Amino acid sequence: MTINADVYFIDGVRTPFGRAGEKGMYWQTRADDLAVAAMIGMLERNPSVPKERIDDVAIAATTQQGDQGLTLGRTTALLAGLPKSVPGYAIDRMCAGAMTAVTAVGGGVAFGAYDLAIAGGVEHMGRHPLGIGADPNPRFLAEKLVSADALDMGKTAERIHDRFPHLTKERADRFGMLSQHKVAAAYEAGKIQPDLVPVATRSDAGWGLATRDEGMRPETSMEGLAGLRTPFRPHGRVTAGTSSPLTDGATVSLIAGANAVKEFGLTPKMRMVSFAFAGVEPEIMGLGPVPSTEKALRKAGLSIDDIGLFELNEAFAIQVLSFLDHFGIADDDPRVNLWGGAIAVGHPLAASGVRLMIQLAAQFAEHPEVRYGVTAMCVGLGQGGTVIWENPSWNGRK
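Residues numbered from 1 in each chain as written. Predicted model: local features only at pLDDT ≥ 70, side-chain atom pairs only at ≥ 80, totals over all residues. Heavy atoms only, no water.

K.L.:
What exactly am I supposed to notice about the overall build of the protein here?
P.N.:
When helices and strands are counted, the protein shows twelve helices and twelve strands. Its C-alpha atoms give the protein a radius of gyration of 20 Å, near enough to 21 Å, the size a compact globule of 398 residues would have. For the protein, restricting intrachain contacts to residue pairs at least 6 apart in sequence, the fraction spanning at least 24 positions comes to 79%. Accessible surface for the protein amounts to roughly 15900 Å². Of this, 54% is attributable to carbon and sulfur atoms. Of the side-chain charges in the protein, 38 are positive and 44 negative, and the distance between the mean point of each set is 1 Å. (Helix = DSSP H or I, 4+ residues; strand = E, 2+ residues; numbered from the N terminus. Rg over C-alpha atoms; globule rule 2.2 N^0.38 Å. Contact = heavy atoms within 4.5 Å. Areas by Shrake-Rupley, 256 points an atom, 1.4 Å probe, with all protein chains shown as cover. Lys, Arg positive; Asp, Glu negative; His and termini not counted. Charge placed at Lys NZ, Arg CZ, Asp CG, Glu CD.)

K.L.:
Would you mind showing me how to read the nonpolar core here?
P.N.:
If you look at soluble globular proteins, the nonpolar side chains tend to sit buried side by side. Counting residues in each nonpolar core, the largest one holds 73 residues, and the members touching the most others are Phe-310, Leu-312, Met-357 and Trp-389. Those residues in contact with Met-357 that sit more than four places away from it in its chain are Phe-9, Met-99, Val-102, Met-270, Thr-375, Val-387 and Trp-389. (Core = buried A, V, L, I, M, F, W, Y, C linked by side-chain atoms within 4.5 Å. Buried < 20%, exposed > 50% of the residue type's maximum accessible area, 1.4 Å probe, protein only.)

K.L.:
Mind showing me how you'd approach the UniProt feature "domain: Thiolase C-terminal" (unreviewed entry) in the protein here?
P.N.:
Within the UniProt annotation, "domain: Thiolase C-terminal" (unreviewed entry) is assigned to residues 267–390. Along residues 267–390 one finds 34% helix and 26% strand; the C-alpha atoms at either end are 14 Å apart. (UniProt positions renumbered as here; feature names shortened; annotations may be inferred.)

K.L.:
Looking at this structure, I do not really get the UniProt feature "domain: Thiolase N-terminal" (unreviewed entry) in the protein. What am I missing?
P.N.:
According to UniProt, the "domain: Thiolase N-terminal" (unreviewed entry) feature falls on residues 7–256. Counted over residues 7–256, helix gives 31% and strand 19%. Its end C-alpha atoms are 6 Å apart.

K.L.:
Could you clarify how one ought to interpret the packing of helix H9 (residues 289–300) against helix H10 (residues 317–327) in this entry?
P.N.:
Angle between the axes and distance between the axes are the two parameters that describe a pair of packed helices. In the contact formed by H9 and H10, the axes pass within 10 Å of each other and the chain directions differ by 45°. Relative to H10, the element H9 is oriented oblique. Where H9 approaches H10, its residues Pro-289, Val-290, Thr-293 and Glu-294 are matched on the opposing element by Gln-319, Phe-323, His-326 and Phe-327. Along the lines of polarity and charge, the residues of the contact of H9 with H10 split into four nonpolar, three polar and one charged. (Axes fitted to C-alpha atoms, helices over the stretch in contact; angles between N-to-C directions. Parallel < 35°, antiparallel > 145°, perpendicular 65-115°, else oblique. Nonpolar A, V, L, I, M, F, W, Y, C, P; charged D, E, K, R; others polar.)

K.L.:
Looking at this structure, how should I read a nonpolar patch on the surface?
P.N.:
Taken together, the side chains of Phe-140, Leu-141 and Leu-145 present a nonpolar region at the surface, about 280 Å² in accessible area. Among the secondary structure elements, Phe-140 is positioned in helix H4 (residues 139–142). (Patch = residues over 30% accessible without salt bridge, like charges linked within 9 Å, V, L, I, M, F, W, Y side chains within 5 Å. Salt bridge = Lys/Arg side-chain N within 4 Å of Asp/Glu carboxyl O.)

K.L.:
Explanation requested: the side chain of Thr-201 in the structure shown.
P.N.:
By the secondary structure assignment, Thr-201 is in strand E6 (residues 199–203). Under the relative-accessibility criterion, Thr-201 is labelled buried at 9%. Residues contacting Thr-201, with those up to four places away along its chain left out, are Met-25, Tyr-26, Thr-29, Gly-206, Trp-207, Gly-208, Leu-209 and Ala-210.

K.L.:
In this structure, what is going on with helix H2 (residues 72–79)? I would like to understand it.
P.N.:
Since there are 3.6 residues in each turn of an α-helix, residues three or four apart along the chain are aligned in direction. Leu-72, Gly-73, Thr-75, Thr-76 and Ala-77 are the residues of H2 that are buried. In this structure, the buried residues of H2 make contact with helix H1 (31–45), strand E3 (56–60), strand E4 (89–91) and strand E5 (116–124). Within two residues after H2, Gly-81 carries a phi angle of roughly 90°, on the positive side.

K.L.:
Which parts of the structure should I look at to understand the pairing of strand E9 (residues 270–279)?
P.N.:
In the case of a regular strand, side chains alternate between the two sheet surfaces. Sheet topology note: the strand E1 (residues 7–14)/E9 ladder contains two bridges and is antiparallel. Across the sheet, Tyr-8 pairs through a bridge with Arg-271, a residue of E9. Here eight bridges tie E9 to strand E12 (residues 383–390), and the two strands are oriented antiparallel to one another. Among the inter-strand pairings, Ser-274 is bridged to a residue of E12, identified as Ile-388. (Pairing = 2+ DSSP bridges.)

Here it is as structure tokens:
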């Protein structure tokens, strides 16, 4: 066994994200087929990688039942045409599922157990709504370990507004509006489409082809957002315009060590520098990325000032605003979510971590002056996850 000193993000793709529910484009598409489509697309983009040399496949899902269960890493690998010799497994860390899949196989690569691995996630929230069939232990409430509504993510977002009243609804509305506008501009400039894998869809009207994210609202305005109802609390501050929508979609990435990069002539898009997960009170789960980022920075020997690009998951606008406020970063800092985020494109829970990585990798290629970037997200039940990446194109190496 040879230790790999470095862990690289070689490539990543995703399906277009669809609205969850009967009116969404994936209503009649299986969850595992979404993951398979992404996996096939990623393998086709990397023909120099021998399929039999993939050491493991980790695919995450939050609600692991039905067509989103049965050891997804193994079943999707078989369906995608990988040899039967390639193993696989499933992961669940709710919203950070795909992120955890990457860090899990990344640890295997660093240790030398893997040379090549596939990591990603899928969530079909139309078929498998968050929490369906769950049976939380009664001790949580009987012993007052958590609030009864700690699993209601919207209410946890309202609590962050309570804790930080200077993070106003108007600021959240503006952040939500800008996310929509930035995604629209990125699409117009052709930034997002190269990493989307088209997916055949079926509906009562016949067959179609999904090529774009379905939930975008580029016409969003501050006036329109101001009039939206607050579904999580009467006279609250969190609205549909400042929340990620319920979404279906899948992501897949290829992770490799230095040995495989050399053997197969691969071109890394990012190098993993450090990662960390951290816990917070479940009732304010949106604050999770703050301690996880502090921890990841500490492990990397870096400070927040060393980070030149941020891809922060927009579960809610207030979650990102609280992160930015903590680190002294402006709401509209150009380093943050350059091409918009989940408020516009959607958040298929366990898939979103790799979407952040895909966008950061593409931005690294355009910004050789940036050395380090962060992908971070909050996680249900009070957690946060952060991965720090280095840009292989950084011009300071010269």
